[in-house]
Amino acid sequence: MNTHLVRLPLLLAALGLSAQAAPLTFDFKDPKGVNNVQFSLDAPLESITGTGTGISGSVTFDPAQPAATKGKITLDTKSLTVGNPMMADHLRGGNWLDVANHPAITFEAVSLSNVRTQGNVVTADVAGKLTVKGVTKDIKVPVSFTHLPDKLGARVNDPKIKGDLLVLRANFAINRADFGIQAGKNTDKVAETIQLSLSIAGAAPKS
Amino acid sequence: MLSRAVPFAWTLANTLRAAALALLLGGFGVWLATGAHLGFTQTSLVTIKRDEVTGIDYPERRPGFVAGVEIPLGTAAAAIALALLSLAADRRRPAA
């Protein structure tokens, strides 16, 4: 009897630990409109810079096992814009991103390598499949994952809502020709390399 | 011997010259007044803000107008065209 009494708290503690270590699924639908991707292409007169904010998707992240992270992030191509309205029309038009026929850009994480953890920040090279304008390529992107436990309430200004946040940041470059975007054309007007900067936060509510 | 000043006549040629000058000054004026931006015209402006909880820097886009170099260049081209037209109008004017 005494043995059982001693074992019970240990069992409960073990269950608690295993529950805490379970992977969390973070939803990247952003009610605050903060999640964004910024892009930049060199051009003779000035760099063409723009933003995209229509981000959704989910990532499963386990702070105890970050190498097992999986997920998929989607960007609504209609949300991509630049400051010049004519350029914005060209960007979304059939010759460039053709957003009418290709409404989403997606990145699906397949595996992580070179994983390093420092405090609540994990950095890793994420290998995955990037799909732009219907063309899928395998790419590797350096990503930082910042796990913010119990910060969901602060983010939505409601302390009654419990949950964690996961912030992903990535800076990388792709070649538009690899995705069939004006491949080999207009290189005198706009560079083939597109610099991308992604900053997004996902939420994992706790019941 | 001083020549008598010819009074300004509101002819087609002078109208075209005045329009050319107004275009030229207007184009450069708008460009200078909106910041003499050396790129293309922008109709929305971005301010970078920081989300306090996540630390994410995010662009906040709002309507705004910044004239690009095509504005003074375009109006200068139009002004030159009007000035040339004014010369043609001068030649077609019957001698007094």
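None of the values given here were measured: they were computed from a predicted structure. (Residues numbered from 1 in each chain as written. Chains lettered and ligands numbered in written order. Predicted model: local features only at pLDDT ≥ 70, side-chain atom pairs only at ≥ 80, totals over all residues. Heavy atoms only, no water.)

**What to know about helix H2 (residues 70–92) of chain B**
Residue and element names in this part refer to chain B.
- Here H2 spans 33 Å end to end across 23 residues, near enough to the 33 Å set by a 1.5 Å rise per residue.
- Every buried residue of H2 is listed here: Pro72, Thr75, Ala76, Ala79, Leu82, Ser86 and Ala89.
- Next to the buried residues of H2 lie helix H1 (12–33). (Helix = DSSP H or I, 4+ residues; strand = E, 2+ residues; numbered from the N terminus. Expected span 1.5 Å × (residues − 1). Buried < 20%, exposed > 50% of the residue type's maximum accessible area, 1.4 Å probe, protein only. Contact = heavy atoms within 4.5 Å.)

**Some details on the layout of surface pockets**
- Of the pockets and cavities examined, the second largest pocket occupies roughly 210 Å³.
- Looking at the second largest pocket, it is lined by 19 residues, and the ones nearest its centre are Thr49, Gly50 and Gly83 of chain A together with Gln42 and Arg61 of chain B.
- Elements with a minimum of two residues in the lining of the second largest pocket: strand E3 (48–52) of chain A together with strand E1 (42–50) and strand E2 (57–66) of chain B.
- It is E1 of chain B that provides the largest number of residues to the lining of the second largest pocket, a total of 5 residues.
- Within the lining of the second largest pocket, the residues separate by chemical class into 7 nonpolar, 10 polar and 2 charged. (1 Å grid on protein atoms, 1.4 Å probe; cavity = no way out; pocket = protein on both sides within 12 Å on 5 of 7 lines; lining within 4 Å. Points joined across faces, edges and corners; volume = space filled by probe spheres on them. Nonpolar A, V, L, I, M, F, W, Y, C, P; charged D, E, K, R; others polar.)

**Structural notes on the environment of valine 37 of chain A**
All names here are of chain A.
- Within the secondary structure, valine 37 sits in strand E2 (residues 36–41).
- For valine 37, a relative accessible area of 9% puts it in the buried group.
- Sequence separation of valine 37 and alanine 177 is 140 residues, and the distance between their C-alpha atoms is 20 Å.
- Residues contacting valine 37, with those up to four places away along its chain left out, are Gly50, Thr51, Gly52, Ile55, Leu75, Leu196, Ser197 and Leu198.

**So, unusual backbone geometry**
Residues and elements named next belong to chain A.
- A positive phi angle, close to 50°, is found at lysine 133, a residue other than glycine.
- Residue lysine 133 is classed as buried on the basis of its relative accessible area of 16%.
- One non-glycine residue, aspartate 150, lies in the positive phi region at around 60°.
- Its place among the elements puts aspartate 150 in the loop between strand E9 (135–148) and helix H3 (152–155).
- In this structure aspartate 150 comes out as exposed when scored by relative accessible area, which is 54%.

**So, the pattern of salt bridges**
- Using the criterion set out here, one finds 8 salt bridges over all chains in the structure.
- Measuring nitrogen to oxygen at the nearest pair gives 3.1 Å for the salt bridge that ties lysine 49 of chain B to glutamate 60 of chain B. Pair noted here: lysine 49 of chain B is in strand E1 and glutamate 60 of chain B is in strand E2, with a separation of 11 residues, a long-range link.
- Overall, the relative accessible area of 37% leaves glutamate 60 of chain B in the partly exposed class.
- Members of the salt-bridge network, linked through shared partners, are Asp150, Asp164 and Lys206 of chain A. (Salt bridge = Lys/Arg side-chain N within 4 Å of Asp/Glu carboxyl O.)

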